[in-house]
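Given next are the chains, with one letter for each unit.
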Amino acid sequence: MKLKVFSGIRPSGKLHLGNYLGAIKNWMELQDPPSHKASEGTAKPAQVIFMVADYHAITTPYDPKTYQQQIMDVVLDYLAAGIDPDKALLIRQSKVPQHTELAWLFNTVTPVSWLDRLPTYKEQLAKAPKYNHVGLLDYPVLMAADILIYKSNLVPVGEDQLPHIDLTNEIAKKFNSMFGEVFEPVKPHLAEGARIMSLKDPTQKMSKTPSASSGQAGDESCIFLVDTPDIIRAKTKKAVTDSDKEVKYDEKEKPAISNLLTIYHLLSQDSIKKQVLSIKEIENQYESKSYVDFKNDLAEVVVNFLQPFQAKRKEFEDDPKKVIQILESSEEKARQLADKTLTEVKEKMGLL
Ligand code: TYM
């Protein structure tokens, strides 16, 4: 079976460590699988597409005046994180109209009851009750179309997106049974950082938008990929910890420190072994030290990790022509791929 990778992020705010660790880091590993992974079945993919979900992000409150900049910010984050246009297509959703066309066709096979029970729909509605429109309800159908228009079969995402992948498979199955086999099953690909929590409230995920229960805006609870070293230090210093004093991983009893340990572990780089430090190694390192020491060092781990990312981002920012050229060339190829599936679907549905 040919591996076809697809994923996307909404340009609904600056990207944060949760987006990076839960999704983008994983994307990079799929785009460039290390050679030893070939034996474990993580072969080189036949097709890799990463998308900025600009049609999805208008289902929640946004500012049209700054929207183009927000979209380009995500594009820059993608490129800085290592998306390689020679290996992957980098597209804006609205530039490939076949996504929305397929979503319309899927609308005709998707029961409303599959959509209004989804946790993400209920969550978004609680955050912005006035935004109770068809687009919000239909959001997962467009997501299914994003994935299936390229016949993708592997989707690297964070944990919160799993219900959407299940729904994608249900829509594909229903379509196949009504009109004949077109789509194959889609598998999610979860990373270790599939759920990074807020720095202010470890019961809530780190999020670009404020949570309904805490009402917290992203700023204090998120480390953004473009935060300066001083901001990173200040946010880490203010991150909540648990009541006892021991730097020990225990997701149930010590959710705050466990979240910080996960971030430390995933972003650390052992200077000798050239690989990340395990949680155990970090615990040992802080056995007789305080949370303050741990958080000070964590801030430096994050700063060191983000430095090359931010430098690379600046290079792309200074060369907007190159960025547009990467996008336009990817989008042209994507439209050709998408057209093939759309034609097949329309033939099956008696539309051609
Ligand atoms: P979005 O923009 O909410 O999130 C983008 C990706 O980041 C992951 N993520 C997290 N992972 C770990 N910890 C966190 N705190 C955290 N916050 C966010 C999300 O799981 C996601 O993988 N519906 C999608 C966008 C989309 C899409 C698609 C994804 C549209 N079409 C097709 C895959 C395939 C979304 O809202 O992601």
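In this text the structure is predicted, and so the values were computed from the model without any measurement. Along every chain, residues carry numbers that run from 1 in the direction the sequence is written. Note on the predicted model: pLDDT of at least 70 is required for a residue's local features to be given, and 80 or more for side-chain atom pairs to be given and counted; whole-chain, interface and lining totals, by contrast, use all residues. Computation of side-chain values covers all heavy atoms of the structure but excludes hydrogens and water.

Engineer: Which residues make up the site of the ligand, and what values go with them?
Structural biologist: Here, proximity means that at least one heavy atom of the residue falls within 4 Å of the molecule or strand. By nearness alone, 29 residues border the ligand, and Arg10, Tyr139, Asp146, Asp160 and Ile196 come closest of all. Polar contacts, as used here, are pairs of N or O atoms within 3.5 Å; protein pairs need one atom able to donate a hydrogen and one able to accept it. Residues neighboring in sequence count only if both atoms are side-chain atoms. Gly18 has a polar backbone atom sitting 3.1 Å from a nitrogen atom of the ligand. Tyr139 places a polar side-chain atom, nitrogen or oxygen, 2.6 Å from an oxygen atom of the ligand. Protein chains bury 99% of the 720 Å² of accessible surface belonging to the ligand in isolation. Counting only elements with at least two residues in the shell around the ligand, the list comes to β1 (4–9), α1 (17–31) and α5 (134–148). Gly falls in the polar group here, along with every residue not listed as nonpolar (Ala, Val, Leu, Ile, Met, Phe, Trp, Tyr, Cys, Pro) or charged (Asp, Glu, Lys, Arg). Residues of the shell around the ligand, tallied by class, amount to 13 nonpolar, 10 polar and six charged. Two domains each donate at least three residues to the shell around the ligand, and these are domain 1 (4–194 + 320–349) and domain 2 (196–318). Here the open area of atoms and residues is found with the Shrake-Rupley method and a 1.4 Å probe, where only the protein chains shown may cover a residue. Strands are runs of DSSP state E lasting at least two residues, helices are runs of H or I lasting at least four, and both sets are numbered from the N terminus onward. What fixes the domain bounds is an automatic or database domain assignment.

Engineer: Explain the nonpolar core residue by residue, including any values.
Structural biologist: Among the nonpolar cores identified, the biggest contains 63 residues, and Ile24, Trp27, Phe50, Tyr78, Phe294 and Val302 are the most heavily contacted of them. For this core, the element with the highest residue contribution is helix α2 (residues 64–81), accounting for 10 residues. Each of domain 1 (4–194 + 320–349) and domain 2 (196–318) contributes no fewer than three residues to this core. In contact with Phe50, not counting residues within four places along its chain, are Val5, Ser7, Trp27, Met28, Gln31, Tyr78, Ile83, Ala88, Leu89, Leu90 and Ile91. In these notes, a set of buried Ala, Val, Leu, Ile, Met, Phe, Trp, Tyr and Cys residues joined through side-chain atoms within 4.5 Å is what counts as a nonpolar core. Burial classes: relative accessible area under 20% of the type maximum marks a residue as buried, over 50% as exposed, and values in between as partly exposed (1.4 Å probe, protein chains only). For this analysis, residues touch if any pair of their heavy atoms sits within 4.5 Å.

Engineer: I'd like to hear about the domain arrangement of the protein chain, residue by residue, with values.
Structural biologist: For the protein chain, the assigned domains are domain 1 (4–194 + 320–349) and domain 2 (196–318). Spacing between the C-alpha centres of domain 1 and domain 2 amounts to 27 Å. Between domain 1 and domain 2, the contact holds 30 residues from the first and 26 residues from the second. Buried area between domain 1 and domain 2, summed over both chains or domains, comes out near 2,600 Å², and the portion from carbon and sulfur atoms is 67%. Its salt-bridge partner being Asp160, residue Lys205 comes within 2.6 Å of it at the nearest N-O pair. Linking domain 1 with domain 2 are six residue pairs in polar contact (both at pLDDT 80 or more). Sorting the residues of the side of domain 1 that touches domain 2 by element identifies α1, α2, α4 (119–127) and α12 (320–348) as the ones contributing at least two each. Residues of the side of domain 1 that touches domain 2, tallied by class, amount to 14 nonpolar, seven polar and nine charged. The term buried area means the drop in 1.4 Å probe accessible area that two parts suffer when joined, counted for both and summed. What makes a salt bridge here is a side-chain nitrogen of Lys or Arg within 4 Å of a carboxyl oxygen of Asp or Glu, nothing more.

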